[in-house]
Structures are given as structure tokens and as C-alpha cells.
Amino acid sequence: MKKITVLLFLITSFQIRAQVPTLSSSEIYQGIKKLNVLGSVLHIAAHPDDENTLMLSYMSKDQLVRTGYLSLTRGDGGQNLIGAEQGYNIGVIRTQELLGARKIDGAQQFFSRAYDFGYSKTRNETLNFWDQKKVLGDVVWMIRKFQPDVIITRFPPDPRAGHGHHQTSAYMGEEAFKLAADVNAYPEQLKYVKPWQAKRLVWNTFTPGFTNKKPEGEKNPFISAEIGGYNPILGKSYTEIAAESRSQHKSQGFGSSPVRGERVDFFLHKEGVPAKNSLFDDVDITWNRVSGSQKVQKLVTDAIKNYQIGNPSSSVPALLKINQELNKLDTANIYVKAKKQEICDLLVQCVGLFFETNPGDFSAVAGDLADIRISVVKRSEYPVKLTSLNWTGVKSDSVMNLSLGSNEMNAFAIKAHLPENLKITQPYWLEKPIDKGIFQIDNQLNIGYPENRPETNTVFVFEIDGQKFTYSRAWAYKFTDPASGEIYRPFEIRPTVTTNINEPVFIFADATPKVISVMVEAQKKQVKGVLKLDLPKGWKSEPASVNFDMADKYQEQTYAFTITPPAKNEEAVVRSVATVNGKNYDRAIKTISYRHIPSQTLFPPSEAKLAKLDVKTTVTKIGYIAGAGDDVPMALRQMGCTVTMLNEAALSKDLSEYEAIIVGIRAYNTESRLTYYQEKLMDYVKNGGTMVVQYTIPARLLVKQVGPYPIQLSHDRVAEEDAEIRFLKPDNVLLNYPNKITQKDFNGWIQERGLYFASDWDKTNYEAIFSSNDTDESLKEGSVLYAKYGKGHYIYTGLSFFRELPAGVTGAYRLFANMISVGKK
């Protein structure tokens, strides 16, 4: 223990919007009422946005039970309405959207290790992709760890659930319900948790369209619950809370308006003891379930009765007495631990404590010094003492014994030495490559956590009436945005240097060399070293390496390397490596920034795909109408095209200069200007232009017709990425000019063949080019429709070029080149 001398600031008035929200007096009262409820429920489904936010809100804020949501995946295979992120990048966004939703509805968030590989139509297909033993083990782990009394699945384990992931989530929930209580199942987990038998498992039933109606044709019993009520303490109905929660799924376009009034949900019995009246039938959710807790229950009841809405600090003595009694009980009991944590949180709110640590910058490198500012303020008259502080990098507690004045800001400016062994702040599930549909997570104790547990934090110890309470808070950088006010950003540990290759894919249509640019960014001051490209045999780089020397933190320098491909066609991966002080750094940096989530920084491998292939195009000038976000324009530039993004101003001008116009995914759902320019675009085709329209969702179309002739769009898709492709019109120009398309061009596709195919069309004017289908399904012929219109050419395609081209799937490049070149035949 040591004493420190710090600079202390006293501020009489200070407005703060903190990471840990300040509760209103009514919310504090709700929290005290919750101290008397000892029940728990775990909701299980497959993806972010699958969860019933109304049911979660009701359980958390009306029934006041511990409520959790286990999403098997992070939604990595989902679409993205707000940007171009795909794969694990959209999974990072959707993880944060879920955490934002949980802050509103009050539930806790958990995940398994399963990677969302995209749409699946059957449970068997899903289980063939995932490691069933591992994912099922994760569900067992979370049941044993969370110890729910009741488990609620969102879906049935059969085709009524639709998506194969949905079916699998219910199947695994039902299996894990039984296995979690079996000491012979996953015995390696029992070093950390105990077997657990939930009382029952139910399915929160629905009918197509998620209409909540009584289950029909079911033999099992069911109960109903009115969950749409109004909470006068919170001043909101549960439907209002649920709509706000669901609206956090902005990347999926799930903004919701509350439906006020009665809402009855139904719960069909699946496993365990059937319920007759309530989900918690035969479950004692009072303090009677904890031995020796009679005094605690009386103290909590008195605290609720005596709560003063205008003076929350008057409840502090009662909370302290409850805490003393809890310390006499079995502290390994999950409810004793949970209620002790709730007491700690309520004390902070009742005495008006605010405390945080703000670094002077949003990132640092392990081993360096970081300027931090620790702030503590107590906004009540109740006496509180700050007894000690401990922050990352300090070897022992710093003794304070500081009596906090009322509404006086105490600020401590400190230079913290960051340990050398701090890991970079890569999301823990992305530290290793995805393997067979599973995130590789070696530490059993990490499984389930929604995000990294912070490595940079400050531990605050406060004394209140002789009792000490310890709180850990993650460091967070904050700044003031002129438009939005105070903004928090997670503090990041970065590698010394990062290198970013300017494109994810480089296409070589012939032996002509191409220039690859690499941006080197220093993540600390005074960084110098050597940059080179790691290339496979047969590929050449000029120069072989370059030296860099950067004086300033965040300084960037870009270096050009001329790459010559081998003579034969082949695919390869290039990696950029920076060497500083004898250590190699091969990580890129990617920051995902949207207003509705905290900034997320990832450090993926610094690499790009190289492909020497036989691909020809006969056009160079392309107009592109962006939709919901994709990287197709990048792929077009790799094929030698000049791409102009067509905003409203560009669309209002003469379009005849473009040899082809491409409409991005969902543009006819998201770009209202197309309502007014559709006729002009059809005239462009009629006068000799080529137009390629990528997939469009049939709902919320902004135009009456997406093509020159009638097309009926649908939800048809082929989810198996290796499904057979049959050529219906082998002599059609799209399959022959300027590239001869063969079955080889459909090898190596990722995630799916395509989605939102046409289901019906004017067969006189449109030609269907391909047919395909998933296992045991009917043929789908609406993936590519081709029509001549006037002097021009029109193509609608549901093939997933928006995924295949950025992934460097070579056959997708050749086929897309034919589509844009069709007008030159």
C-alpha cells in the first residue's frame, strides 16, 4: 500500500452523461423491489433480432426476475442496411446492437461459439456446418452458469421455424435442458459450474408472421400471459420498452413503433414439469429458496415500504443492513451473489456516486505511458469515503481515505504505465481464425460473454458507514461532439504499427503488373522499420521492401508495390509485414463507427487475395446506383472499369455516356429517388444501354416494376453455396461473351448461391438463364433473368455477387463481366 499525491480539483457544478447510466428515483425503487424476487428465465434463439423483446421486457421489468438472452450466433451472415460490412464485421455491429437492446429491456446477453454462415433451410444443413458437440456444449454451459428456473425458446425445433438456425436453436435448447443436469454430459465444465435442472422449458409460440395466437393442433398443454401492461413506476408500457429495444437493430432495418394495449403471449410446454397458471408454477421465487434468509426478506420488505421517492439516500441504511445479512449467507449461492451485486449498484445510485477513468487519448500501445484522469463525485449529503484506488499498471493500492464532499468533483491526474503483456483489443472471439463454423475460444470461462472483459480498468473502494464496497470500471475515452455532445469511446490497446492493403482483392486479367498500395500507421511516436510484402512463389514485388520512419502517433504513410503475376492462372494471398525493432507486425486496423453503437476497432490480418485469371470485359465506363451498401464498385475497378457513383445529381443528367448501369442491392427498397428516375432508366435501356439490377426485397418496393416487363419478386433463395447450377440457355450471350462460362465458374462460392429470386415473370420477353435448388426442394429458375428491351439489355439477378466479388470468387468475376459486357456483342 502506498500514498499518492495527486492534483485535486473541486468543482461545484458538473453535468455528466456517463457510461453507467444514472437511474431516476423511480428506477431505484424498481431496483429495490427486485431485491425480493429470486427467479430467473433464459430465452434461447439463433440470431440478434430473433429475441422477443416484449417478453424480455416483461420478465425483467414486471416479473423482476433475472432475465437472459442466449443468441447462438452474432448474426455474421446477416445483411446490412447501413453499410458494406459483411461476415464477422456485421457480427461485431450486431453484437453491439444487442447490447444496446439489453440496456433498454433489462436482460443480460450471451452467445455461443457458433458462426452465422448465412441462411439455412434445414436443421441438418445447420448441424453439418456447425460443430454440434461444441455448440450444444455452449448451451449446456450457459444453462449451468445462469441457472434459469424457466427456459423459453423462440422457435420450434422443426420446419415451422423456417430458418435452419432457428430450428437448431430450439432443438439445442431442448437437448441442453436435459443434458445440463447430467453429470456425465460435458464433465469438463464441472470444474467451474454445477449440474443444473431447470423446472421447465416452453416455446413462446407464434404463427406465420409472428402473430401471437393460441397454439393449434398441439397435444402439449400451454398457458398464456398478458405481457403488454403498463408500468406506472417506469412511466412506460412493456410494449413501448420492447419497441425501443427492438429499434436498436438498425443494421437490419428493424425500427419499431410500440403497439399500445393488451398483448397476450402463449407458452407451449415442451420439457420438464408442465405449468398450469404461471411460468413459475412450483418455483419458489422468494427468499425461502435461500437457507437462513428470513431476516433478509423482512429487511427488503421494509426497505420497499419505507422508500422515499424524493430522497433515495434515506434507503442507504436499509441497504447496508441487507448487505450485512447477505454476508452471513452462503456467498456461493447464485442469488446471494446476484443480490449483493444489486445492493452494490443501488448504493451507487442512492448516494449519487459517479466515478470513471478517462485516458487522454483513445488508444495506446502496451508498455507505454498513458495519461489518465480519475474522476469521483458524490451528489448527495450521505457520508461516503473513497478509501483506495488501483488502476492498470500500478503495483499496489493507492490509499486515499478521502471523505467526499457533497457535489464536489475530485479529479486525479495520473501517468499510468501500461503492462507489456496487455493484449490488443481484438474481439476475443476473433483472435483465431473461424474453424468449421465455430469461433475458436480456448478459455472455457470466456464462452458466453458478449464482448471482451476490459484489461484496462480502475478499481474504486468506497466506505459507507463502515462497510467497504469495491467497483471496477473500464477506462473510456470521452470527447465532446459539436452536434451530439458528450461521446464515449472504448479505450484501445493497439499494436505498435498497423498496415492496411488498399483493396481486399486484386484481379490480374493478363500478365500486366498492378500496383498494390499499403498504408502504414504508427500507433505511437517514433516508429521506424521495414515494410515488405509476403508473396507466394511465382509472384514478384518491386520494390522487395521499403523503409519507413514516422515521428508522430497516428501518422500514416502509403507505399506502392508493383506486383507481377505468374504466367499461369492461379489464386494466392499477399500479406504485408512491418518489422520494428526485430518484431514483425502483420495486423491491419479497421474501425467500425456508427452513431448508435460504440466505436469498434478490429485488427484483422493484413492480407489481400490475388487472382490471375482469364476474365475479359468489353466496357469501361460504368454508372453505379448504390443501395443498402456493398463493395461491388471495387470489384468493377479491379476489372479495369471506371465507376461513377450515380447520386441524384448524376441521375438527372444524360445517362448515355455509361456503357452499363448497375443497381446495388436493395436500392429499390432504400433509395427513394429511384421512384422518380425509373422511367428515365428504362429509357436508357430502350435507347441501347445495359442495366443490371441486383437483388431487391419484394416488400416495400419504391417502384411499381423493377424492369421493363413484369417481374414478380419473391423470398426464394438457394442457401447451399455448392448447390448445382444448371444452364437453361447454354447458347445465351451471358454464358458465352466475352467469357465462356462453365461449371468451374461456380466453384468456391461462399455462403449461398443467391437470394430474393424472381418467382414469376413475362416469359415472352425474359429468358431464365439458370436453375438451381437446395436439397429436397423444387427448382428455382429466377436467379438471373435477361431481356432485350428496345436497343438495350436488362438483367435482374439474385445471385449474391455482393458477397462473391469482395471475397475474390473468380467465377463470379467472369459472369459479372459478361453481364456488363452484353451490350457490346
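Counting of residues starts from 1 at the beginning of each chain's written sequence and follows it residue by residue. It should be noted that, the model being predicted, local features are given only for residues of pLDDT at least 70 and side-chain atom pairs only at 80 or more, the latter also being counted only at that level, while totals for whole chains, interfaces and linings use all residues. Neither water nor hydrogens contribute to the side-chain values; these are computed over all heavy atoms in the structure.

K.L.:
When you look at helix 5 (residues 132-146) in this model, what are you seeing that I'm missing?
P.N.:
Each α-helix winds once per 3.6 residues, and so residues spaced three or four apart point in a common direction. Its 15 residues place the ends of helix 5 21 Å apart at the C-alpha level, agreeing with the 21 Å of an ideal helix rising 1.5 Å per residue. Remark: exposure states derive from per-residue accessible area (1.4 Å probe, protein chains only) relative to the maximum for the residue type, with buried under 20%, exposed over 50%, and partly exposed in between. Only DSSP runs of H or I with at least four residues qualify as helices, and only runs of E with at least two residues qualify as strands; both kinds are numbered from the N terminus onward. For helix 5, the buried fraction is high: eleven of the 15 residues fall into the buried class. The set of residues buried in helix 5 consists of Val135, Leu136, Gly137, Asp138, Val139, Val140, Trp141, Met142, Ile143, Arg144 and Phe146. When checking whether two residues touch, look at their non-hydrogen atoms; a contact exists if any pair is within 4.5 Å. Against the buried residues of helix 5 lie strand 2 (40-45), strand 3 (66-71), strand 4 (108-111), strand 5 (150-153), helix 6 (164-179) and helix 10 (334-350). With its phi angle positive at about 55 degrees, Gln147 sits one or two positions after the end of helix 5. For a helix, the expected span equals 1.5 Å multiplied by the number of residues minus one.

K.L.:
Is there a simple way to explain the sheet that holds strand 22 (residues 497-501) in this structure?
P.N.:
At least two DSSP bridges between two strands are required for those strands to pair. Strand order across the open sheet formed by four strands is 22-24-28-26, with antiparallel pairing between neighbours. With one partner strand each, in any of the chains shown, strand 22 and strand 26 (540-542) form the two edges of the open sheet. For this sheet, the mean inter-axis angle between neighbouring strands, taken without regard to orientation, is 30 degrees. By the bridge criterion, three bridges tie strand 26 to strand 28 (residues 556-564) in an arrangement that is antiparallel. Looking at the pairing, Glu542 lines up with Thr562 of strand 28. Here an axis means a line fitted to C-alpha atoms, over the contact stretch when the element is a helix, while the angle between two N-to-C directions is reported on a 0 to 180 degree scale.

K.L.:
Please clarify how the side chain of Asp76 should be interpreted in this entry.
P.N.:
Mapped onto the elements of the fold, Asp76 is located in the loop between strand 3 and helix 3 (88-105). Only four residue types enter the charge count: Lys and Arg as positive, Asp and Glu as negative, with His and the chain ends excluded. By salt bridge we mean one thing: a side-chain nitrogen of Lys or Arg within 4 Å of a carboxyl oxygen of Asp or Glu. Among buried Asp, Glu, Lys and Arg side chains, Asp76 stands out as unpaired, with Arg74 the closest opposite charge at 6.1 Å. Whenever a nitrogen or oxygen atom comes within 3.5 Å of another N or O atom, the pair is scored as a polar contact, on the condition that within protein one atom can donate a hydrogen and the other can accept it, and that pairs from neighbouring residues in sequence are kept only if both atoms are in side chains. Among the polar contacts made by the side chain of Asp76, one reaches the main-chain amide nitrogen of Asp116 at a distance of 3.2 Å. Residues within four places of Asp76 in sequence aside, it is in contact with Gln86, Gly87, Tyr88, Ile90, Gly91, Tyr115, Asp116 and Phe439.

K.L.:
Hey, could you run me through unusual backbone geometry in this one?
P.N.:
Working note: non-glycine residues mostly have negative phi, and peptide bonds are mostly trans. Note the cis peptide between Glu542 and Pro543, where omega equals 0 degrees. Residue position: Pro543 is located in the loop between strand 26 and strand 27 (545-550). In this structure, Asp282 is a non-glycine residue whose phi angle is positive, near 65 degrees. Its identity as a non-glycine residue notwithstanding, Asp776 has a phi of 65 degrees, on the positive side.

K.L.:
What exactly am I supposed to notice about the side chain of Thr392 here?
P.N.:
Residue placement: Thr392 occurs in the loop between strand 14 (385-391) and strand 15 (398-403). Polar side-chain contacts of Thr392 include one of 2.9 Å to the backbone nitrogen of Asn457. If we skip the residues at most four places from it in the chain, Thr392 touches Ala416, His417, Pro419, Leu422, Glu455, Thr456, Asn457 and Trp475.

K.L.:
Before we go on, may I ask you to explain the state of the cysteines in this structure?
P.N.:
By disulfide we mean two sulfur atoms from cysteines, separated by a distance within 2.5 Å. All told, the structure shown has zero disulfides when counted by the stated rule. Summary of cysteine pairing: Cys350 is not part of a disulfide, and the nearest cysteine sulfur, belonging to Cys344, is at 12 Å. The buried category is assigned to Cys350, whose relative accessible area is 4%.

K.L.:
Which parts of the structure should I look at to understand the sheet that holds strand 37 (residues 690-693)?
P.N.:
Paired through their backbone hydrogen bonds, the strands of a sheet run either parallel or antiparallel. The strand order across the open sheet built from seven strands is 35-34-36-37-46-45-43, with neighbouring strands paired in mixed fashion. Bordering the open sheet on either side are strand 35 (642-645) and strand 43 (766-768), each of which pairs with just one other strand. Each strand of the sheet is rotated relative to its neighbour by a mean of 20 degrees, with strand direction disregarded. Relative to strand 37, strand 36 (residues 660-663) runs parallel, the two being bridged by four bridges. By the bridge assignment, Ile662 is partnered in strand 37 with Val692. Contacts from helix 14 (residues 674-686) reach strand 34 (621-625), strand 36, strand 37, strand 45 (784-789) and strand 46 (792-797) within the one sheet, and its direction differs from that of strand 46 by about 130 degrees.

K.L.:
So what exactly am I meant to see when it comes to the environment of His249 here?
P.N.:
With respect to the helices, strands and loops of the structure, His249 is situated in the loop between helix 7 (238-246) and strand 10 (264-272). Linking His249 and Asn669, residues 420 residues apart in sequence, is a C-alpha distance of 18 Å. In contact with His249, other than residues within four places in its own chain, are Pro48, Asp49, Glu51, Glu97, Leu98 and Phe254.

K.L.:
Quick question: what am I supposed to make of the pattern of salt bridges here?
P.N.:
Here the structure, examined in full by the defined rule, presents 39 salt bridges. A salt bridge links Glu240 to Arg260; the nearest nitrogen and oxygen atoms lie 2.7 Å apart. Here Arg260 lies in the loop between helix 7 and strand 10 and Glu240 lies in helix 7, a separation of 20 residues in the sequence. A residue is classified by how much of its surface remains accessible, and Arg260, at 56% relative accessible area, is exposed.

K.L.:
Got a minute to help me understand the nonpolar core in this structure?
P.N.:
Generally speaking, nonpolar side chains in soluble globular proteins are found buried as a group. The nonpolar core is taken to be a set of buried Ala, Val, Leu, Ile, Met, Phe, Trp, Tyr and Cys residues, with the residues joined through side-chain atoms within 4.5 Å. Counting 79 residues, the largest nonpolar core has Leu636, Leu681, Tyr794 and Phe816 as its most contacted members. Here this core takes seven residues from helix 16 (residues 810-821), the largest share from any one element. Residues in contact with Leu681, not counting those within four places in the same chain, are Ile625, Leu651, Leu655, Ile661, Tyr668, Leu674 and Met691. With 57 residues, the next largest nonpolar core counts Ile28, Val296, Leu353 and Ala416 among its residues.

K.L.:
Before we go on, may I ask you to explain the pairing of strand 23 (residues 505-508) in this structure?
P.N.:
Regular strands have side chains that alternate between both faces of the sheet. Every second residue of strand 23 is oriented toward a common face, with Val505 and Ile507 on one face and Phe506 and Phe508 on the other, all of them buried. Where strand 23 meets strand 33 (residues 607-612), four bridges bridge the pair, whose relative direction is parallel. Within the sheet, the bridge partner assigned to Phe506 lies in strand 33 and is Leu610.

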